[in-house]
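Below are the chains, spelled out letter by letter.
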Amino acid sequence: TLGSTLLRSIAMEENELLRECRGRDFPRVSLLIGVSACLERDRERIKQHGADFAWGKPPPEMNSKLRNELLMTLLKKRNKDRIDH
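Residues numbered from 1 in each chain as written. Predicted model: local features only at pLDDT ≥ 70, side-chain atom pairs only at ≥ 80, totals over all residues. Heavy atoms only, no water.

(A) Spatial organisation of the nonpolar core. Membership of the largest hydrophobic core is limited to 7 residues, which are Leu7, Ala11, Leu32, Leu39, Ile46, Ala51 and Ala54. In contact with alanine 11, other than residues within four places in its own chain, are Leu32, His49 and Gly50. (Core = buried A, V, L, I, M, F, W, Y, C linked by side-chain atoms within 4.5 Å. Buried < 20%, exposed > 50% of the residue type's maximum accessible area, 1.4 Å probe, protein only. Contact = heavy atoms within 4.5 Å.)

Next comes the structure, spelled out in structure tokens:
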């Protein structure tokens, strides 16, 4: 589908950027969320095309657990999941 193709393109561009920046500060990559009205059917394809999360419609309610999961995933993508002292 068009959405999966777009996710794949964005994920490939981010991966290329990360390869180019190896050994330097990582660029600010995005959190990629695929959304589908038929999530059970589309979940695997959405994830295979580079989405960090796959949500059904309507999207899940934003609460502290989801917010923390989004934040931790984003920090990990940006290689900031550990704090150096």
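(B) Structural detail: the pairing of strand S2 (residues 53-56). Every second residue of S2 is oriented toward a common face, with Phe53 and Trp55 on one face and Ala54 and Gly56 on the other, all of them buried. Two elements, strand S1 (residues 33-36) and S2, share 4 bridges in a ladder whose sense is parallel. By the bridge assignment for S2, valine 35 is matched with tryptophan 55. (Helix = DSSP H or I, 4+ residues; strand = E, 2+ residues; numbered from the N terminus. Pairing = 2+ DSSP bridges.)

(C) How the structure looks around helix H3 (residues 64-77). For H3, built from 14 residues, the straight-helix expectation of 20 Å at 1.5 Å per residue is met to within 8% by its first-to-last C-alpha distance of 20 Å. Listing the buried residues of H3 in full gives Leu66, Leu70 and Leu74. Angularly, the buried residues of H3 cover 65° about the axis, an arc narrow enough to put them on a single face. In H3, those exposed residues whose orientation departs by more than 90 degrees from the buried face are Lys65 and Lys76. Close packing links the buried residues of H3 with S1 and S2. With a side-chain oxygen positioned 3.1 Å from the backbone nitrogen of lysine 65, the residue opening H3 is asparagine 63. Looking one or two residues past H3, asparagine 79 carries a phi angle of roughly 60°, positive in sign. (Expected span 1.5 Å × (residues − 1). Arc of directions from axis to C-beta. Polar contact = N/O pair within 3.5 Å; in protein donor to acceptor, adjacent residues only side chain to side chain.)

(D) Examining the packing of aromatic side chains more closely. Taken as a whole, this structure holds 1 aromatic pair when the rule is applied. On the basis of an interplanar angle of 50° and a centroid distance of 6.4 Å, the ring pair of phenylalanine 53 and tryptophan 55 is categorised as tilted. The burial state of phenylalanine 53 is the same as that of tryptophan 55; both residues are buried. (Phe/Tyr/Trp six-rings, centres within 6.5 Å; stacked < 30°, edge-to-face > 60°.)

(E) Region of the structure containing helix H2 (residues 39-48). What H2 keeps buried is the set Leu39, Asp42 and Ile46. The arc that holds every buried residue of H2, seen down its axis, measures 80°, which confines them to one face. Away from its buried face by more than 90 degrees, H2 exposes Glu40, Arg41, Glu44 and Gln48. Residue glycine 50 follows H2 closely and has a positive phi angle near 110°.

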